[in-house]
Amino acid sequence: MKKSLKFFQFLLLASFCAFSSGCWFLVIGGAGAVGGYAVSQDTFEGVSGKGQEELVTAAHKVLAIMGAITDERPKEGEVVATVDGARVTVEVIQINLTTSKLRVKARKDLLPCRSIAQDVYTKIMNQLE
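Residues numbered from 1 in each chain as written. Predicted model: local features only at pLDDT ≥ 70, side-chain atom pairs only at ≥ 80, totals over all residues. Heavy atoms only, no water.

K.L.:
Kindly report on the pairing of strand β4 (residues 78–83), identifying the contributing residues and their values.
P.N.:
Among the 6 residues in β4, 5 count as buried, and that is most of the element. Across 5 bridges, the pairing between strand β3 (residues 68–73) and β4 is antiparallel. In the strand pairing of β4, A68 is matched with T82. Once β3 ends, the chain turns through 4 residues before running back antiparallel as β4, passing G77 with a positive phi of about 75°. (Buried < 20%, exposed > 50% of the residue type's maximum accessible area, 1.4 Å probe, protein only. Helix = DSSP H or I, 4+ residues; strand = E, 2+ residues; numbered from the N terminus. Pairing = 2+ DSSP bridges.)

K.L.:
An account of helix α4 (residues 52–66) is needed here, citing residue identities and associated values.
P.N.:
For α4, built from 15 residues, the straight-helix expectation of 21 Å at 1.5 Å per residue is met to within 8% by its first-to-last C-alpha distance of 21 Å. When α4 is considered as a whole, its buried residues turn out to be Q52, L55, V56, A58, A59, V62 and L63. The arc that holds the buried residues of α4, viewed along the axis, is 165°, so those residues lie on one side. Relative to its buried face, α4 has exposed residues pointing more than 90 degrees away, namely E53 and I65. Buried residues along α4 sit in contact with β2 (43–48), β3, β4, β5 (86–94), β6 (100–108) and α5 (114–127). (Expected span 1.5 Å × (residues − 1). Arc of directions from axis to C-beta. Contact = heavy atoms within 4.5 Å.)

Just geometry here; none of it tells us what the structure is for.
Right, here's the structure in full:
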């Protein structure tokens, strides 16, 4: 009985420390890993089962429709465009032959623009289907 009480107190103390120190993101369980994508202030990123060339081609098509492409480096897997006044950078990083990481970053007047990054990311992924 005393061991279970000690364990419960330890568990309670450990969870309090984790939540109060800002580590509650880890306690809640990494929503980015479960959902297949991660979100930061201005970036949406995820892993796709497609190759780098396919993702860069899809990004080019989507950005050409949504805005104006200002810079493109397909060998490096990068496309830069202006969408709704925001500078959007799409970066494709090849992990292996059939898997690539897609990262979409959007900033408008030095401020993050998460909604545009999410919209571009979603449309690129839908273009691949």
